[in-house]
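What follows is each chain in one-letter form.
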Amino acid sequence: APNSEYDAAMLLYSGEQDVVFDHNTVDAGGSVAMYDAPAIVLGSSGVSLASLRDNVFMSFADTRGGFAGHAIIDSGASEGSVSGPRIAKADYNAWDNPLAASTAHYLPGLVAGTAGAHDVAKDPSFTGPVPEVPYQIDEGAVWLRELGVSQVLGHYRALYTPKAGSPLIDAGDPADG
């Protein structure tokens, strides 16, 4: 059911420094979940990311009040404003959030330099029916060790593989090879 009681999908709040968040897919569940908190919140001025690259942020709804800037990548509500950049590099990310038309990708001032110069903002065109809500993995089989972690990861890898013609193909950071 829709839930708006979260502060973030990932909340960094206690002085974490130079965190790297690269090569991930964050699917917030679209109209089924109506997830309306940011994907990542840097909750205090002592928190920083060294890199935020090559990620997909999809199916978010417009962020609710209580955050500094109402962005998918945001700072903590207690800050009021960003005193200086805390993300060294944020680029080559993909965004597909039709339910978040009023929500910025990055909070202004949070990223050093130009944020998202090479970002893609369109349907990533994955092979599987995503978001998969409710998920199709039998949780009991996982707990009983009848279904291994590699099988669970394989299931989601198959769902989130870009199809031929996807805007994500060859759109990642060329520094990664």
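This is a predicted model, so every value here is computed, not measured. (Residues numbered from 1 in each chain as written. Predicted model: local features only at pLDDT ≥ 70, side-chain atom pairs only at ≥ 80, totals over all residues. Heavy atoms only, no water.)

1. Some thoughts on the overall build of the protein chain
Link 1 in the chain: In terms of regular secondary structure, the protein chain is built from 3 helices and 11 strands.
Link 2 in the chain: In the protein chain, the order of α-helices and β-strands from amino to carboxyl end is β-β-β-α-β-β-β-β-β-β-β-β-α-α.
Link 3 in the chain: Since a compact globule built from 177 residues should have a radius of gyration of about 16 Å, the 17 Å found for the protein chain is in line with a globular shape.
Link 4 in the chain: By its C-alpha atoms, the protein chain is 50 × 35 × 30 Å across when sized along the principal axes. (Helix = DSSP H or I, 4+ residues; strand = E, 2+ residues; numbered from the N terminus. Rg over C-alpha atoms; globule rule 2.2 N^0.38 Å.)

2. Some thoughts on the nonpolar core
Link 1 in the chain: Residues Ile40, Leu42, Leu52, Phe57, Phe60, Ile73 and Ile87 are the most contacted members of the largest nonpolar core, which totals 24 residues.
Link 2 in the chain: Of all elements in the fold, only strand 4 (40-42), strand 5 (49-53) and strand 7 (71-75) reach the threshold of two or more residues within this core.
Link 3 in the chain: Looking at this core element by element, the count peaks at 3 residues for strand 7.
Link 4 in the chain: Sequence-distant contacts of Phe60, defined by excluding residues within four places in its chain, comprise Val26, Ala28, Tyr35, Ala37, Pro38, Ala39, Ile72, Asn97, Leu99 and Ala100.
Link 5 in the chain: Counting 8 residues, the second largest nonpolar core, distinct from the first, contains Val56, Ala94, Phe126 and Leu168. (Core = buried A, V, L, I, M, F, W, Y, C linked by side-chain atoms within 4.5 Å. Buried < 20%, exposed > 50% of the residue type's maximum accessible area, 1.4 Å probe, protein only. Contact = heavy atoms within 4.5 Å.)

3. Some remarks on the confidence of the model for the protein chain
For residues with low pLDDT, the predicted coordinates do not support detailed interpretation.
Link 1 in the chain: Summing up the model confidence of the protein chain, the mean pLDDT is 89 and the portion of residues at 70 or higher is 92%.
Link 2 in the chain: Mean pLDDT values for the elements of the protein chain range from 87 in helix 1 (residues 30-33) up to 98 in strand 9 (residues 94-96). (pLDDT = per-residue confidence, 0-100.)

4. Here we look at the sheet that holds strand 9
Link 1 in the chain: Taking strand neighbours across the sheet as the criterion, the 4 strands line up as 3-6-9-11 in an open arrangement whose pairing is parallel. Either end of the sheet is taken by a strand with one partner, and the two such strands are strand 3 (25-27) and strand 11 (120-121).
Link 2 in the chain: In the sheet, strand 3 pairs with strand 6 (residues 56-58) via 3 bridges, with the strands oriented parallel. Bridging from a neighbouring strand, Val26 pairs with Phe57 of strand 6. (Pairing = 2+ DSSP bridges.)

5. Notes on the pairing of strand 7
Link 1 in the chain: Counted residue by residue, strand 7 has 5 buried out of 5 residues, so it is predominantly covered.
Link 2 in the chain: Here strand 4 pairs with strand 7 via 3 bridges, running parallel. Paired with Ile40 across the strands is Ile73, a residue of strand 7.
Link 3 in the chain: Alignment of strand 7 against strand 10 (residues 104-106), held across 2 bridges, turns out to be parallel.

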